[in-house]
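Below, each chain spelled out in residue letters.
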Amino acid sequence: MKIKDIIKDKDLKFSVYGSAGINIIGISNDSRKIKKGYLFAAKKGVNVDSNIYIEEAIRNGASAILTGDVLAVKKFEGSGVSVIIAKAPLKAYAVISRNFFGNPAERLNVIGVTGTNGKTTVTFLIRSILNAAGHSAGLIGTIGYEIGGRIIESKNTTPDPYELNKMFSDIALTNGAAEKSCVMEVSSHSLAQDRVYGIPFDVAVFTNLTRDHLDYHKSMKRYFGAKKKLFTEILLKSGKAEKFAVINNDDYYGKILITELKDYLGKVKVLAYGLDENCGISAHNINYYRDGLKFDIILPDNNKIKSVRSNLIGSYNVYNILAAVSAAYALSVPLEYISEGIESLSGVPGRIEKVSTGSAESPLICIDYAHTDDALKRVLSVLRNITETGKLISVFGCGGDRDKGKRPLMGEHSTTIADISIITSDNPRSEDPLSIIKEIESGIKDAKFADKKGLGGAAVKRDGHVYTVEEDRTNAIKLALSVATDEDTVLIAGKGHEDYMIVKENKFHFSDREEVLKYYNKIKTKNCENRI
């Protein structure tokens with residue numbers, strides 16, 4: 001595709017120095033991936049300004065350079081390389097990537113889900129509903145990318161613009177269903193960095209907003225501002241005939257967003273969901289069980305989905321289901337497929353994922369990605385409510401080189417809700433794990449410190465609220481399982497679906513789920529040996 005064709009956009013202005021008739025066969029923002037005939041997209045990132053790699057990209061065969069650095073024009077004049085200058089290089093990279101693939105998202109139903117908590121679960125639910133309705137639905141998010149039957153490892157929750165549009169193209173070209181969709185998580189980082197700029201969304205979903213990523217955004221105001229862009233900028237500019245904003249009306253920031261969108265009601269339709277009867281879509285007659293949920297869903301125009309059942313547990317999953325139902329309703333999915341899609345989803349990896357040990361005498365063991373104070377509080381509250389007679393045991397830590405303000409809050413929530421809290425490591429990165437643990441401990445108010453040997457048996461009672469420290473995560477998991485009875489519930493939080501640990505510059509394999517299974521397999525082996 002020629003340069004003059006990939007720079008077309010009604011909002012952005014490009015200046016081309018050199019030939020605009022050069023044919024571009026590929027695009028990358030990584031100079032190491034540049035080949036002959038490629039365009040190199042240079043941009044200022046958070047940690048690296050890739051403009052310093054322009055010369056390397058040219059040596060590797062780049063035919064054109066996209067940059068915001070006007071000095072590049074003189075520097076590379078006469079080199080035979082075309083230089084494209086854009087005032088907003090990040091947006092320009094997104095537009096060029098979109099145009100290179102012929103705007104494939106225009107041929108799809110595109111649903112974007114943003115918010116602090118629930119994004120992954122909501123996307124899995126929406127995808128399940130669309131599959132039930134016969135749609136060919138791609139999935140892009142934290143756990144991985146599922147495109148045309150292929151599973152691709154996720155590097156970022158929301159991919160870079162070129163990769164993202166390549167995925168849209170692959171979905172659009174997939175044989176099979178007449179209706180083709182893509183459900184994707186849209187992270188605050190991707191919005192701040194304009195990775196989804198120019199994507200024609202049909203539906204944008206807002207789940208909630210609580211403290212997270214303040215090491216990057218610096219304040220809740222800026223964090224909300226990034227999330228808000230999906231609705232007040234990206235969705236509004238979508239070329240789709242009908243556009244829907246699906247928003248949690250029970251969330252403080254959700255209410256603000258709904259109010260702000262009232263000025264754009266002619267351009268976008270707002271669907272508010274929540275437990276409040278005044279919401280367009282709400283839940284009634286909610287019943288919580290140890291193995292799932294059952295409730296009625298009230299839809300606009302007094303429509304109702306009677307007694308929908310779900311394998312997901314807890315009150316926040318009611319909200320996740322309502323968000324997914326609202327998105328499906330916006331896309332005019334028939335009610336029977338909405339119900340079928342919800343009920344057929346058995347679970348989501350690393351989201352209150354129950355680990356089956358194969359032992360009738362093991363506790364309820366759940367692993368969860370909860371790595372913020374609010375997420376930990378939510379999942380512990382859910383498990384507290386379904387732990388009827390036994391103790392609730394929490395294993396958690398905090399990541400290094402990330403928002404430090406959440407550490408004492410996580411310590412406070414765990415020790416207030418759980419009977420036993422075991423504080424451990426969770427991707428300490430460049431920080432000292434024990435220093436992180438001390439910061440977590442600083443938020444603990446009423447819980448008492450207990451020696452690890454004193455956690456078992458009758459030493460700790462329900463509502464006793466004690467904590468201990470075990471820096472080694474494997475040993476922390478073993479400790480929790482060793483003191484748990486079959487009436488107890490064990491939450492191992494922070495990593496969820498992740499299968500790695502990062503210590504300093506080293507990244508090595510580590511899975512909470514595998515550690516649980518190793519523990520019980522060792523017990524089974526010992527029992528077999530004793531019988532012999």
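Read on for a plain summary of the structure. (Residues numbered from 1 in each chain as written. Predicted model: local features only at pLDDT ≥ 70, side-chain atom pairs only at ≥ 80, totals over all residues. Heavy atoms only, no water.)

## Focus: the pairing of strand S10 (residues 180–185)
Extensive coverage of S10 is indicated by the burial of six of its six residues. Sheet analysis places strand S6 (residues 109–114) next to S10, joined by five bridges and oriented parallel. In the sheet register, Asn109 faces S10, and the bridge partner there is Ser181. For strand S7 (residues 136–140) and S10, the ladder comprises five bridges, and the chain directions are parallel. Bridging across to S10, Ser136 finds its partner in Lys180. (Buried < 20%, exposed > 50% of the residue type's maximum accessible area, 1.4 Å probe, protein only. Helix = DSSP H or I, 4+ residues; strand = E, 2+ residues; numbered from the N terminus. Pairing = 2+ DSSP bridges.)

## Some thoughts on the packing of aromatic side chains
Tallied over the entire structure, the rule returns nine aromatic pairs. Centroid distance Phe101 to Tyr162: 5.2 Å. Interplanar angle 50°. Geometry classified as tilted. Of this pair, Phe101 sits in the loop between helix H4 (89–100) and S6 while Tyr162 sits in helix H6 (residues 161–172), and the two are 61 residues apart along the sequence. On the accessibility criterion, Phe101 (16% relative accessible area) is buried. Since its relative accessible area comes to 19%, Tyr162 is described here as buried. With a centroid separation of 5.1 Å and 80° between ring planes, the pair formed by Tyr519 and Tyr520 is classed as edge-to-face. You can call Tyr519 buried: its relative accessible area is 19%. (Phe/Tyr/Trp six-rings, centres within 6.5 Å; stacked < 30°, edge-to-face > 60°.)

## Some words on the pattern of salt bridges
Here the structure, examined in full by the defined rule, presents 28 salt bridges. Glu412 serves as the salt-bridge partner of Lys445, at 3.2 Å between the closest nitrogen and oxygen. Residue Lys445 is located in the loop between helix H15 (433–441) and strand S21 (448–449), and its partner Glu412 is located in helix H14 (residues 406–417); the two are separated by 33 residues in the primary sequence. Residue Lys445 is classed as exposed on the basis of its relative accessible area, which comes to 62%. Two residues, Glu515 and Lys518, come together in a salt bridge whose shortest N-O distance is 3.4 Å. With Glu515 and Lys518 both in helix H17 (residues 512–531), this residue pair falls three residues apart, about one helical turn. Lys518 gets classed as partly exposed once you look at its relative accessible area, which sits at 49%. Salt bridges linked by common partners bring Lys404, Arg407, Glu431 and Glu439 together as one network. (Salt bridge = Lys/Arg side-chain N within 4 Å of Asp/Glu carboxyl O.)

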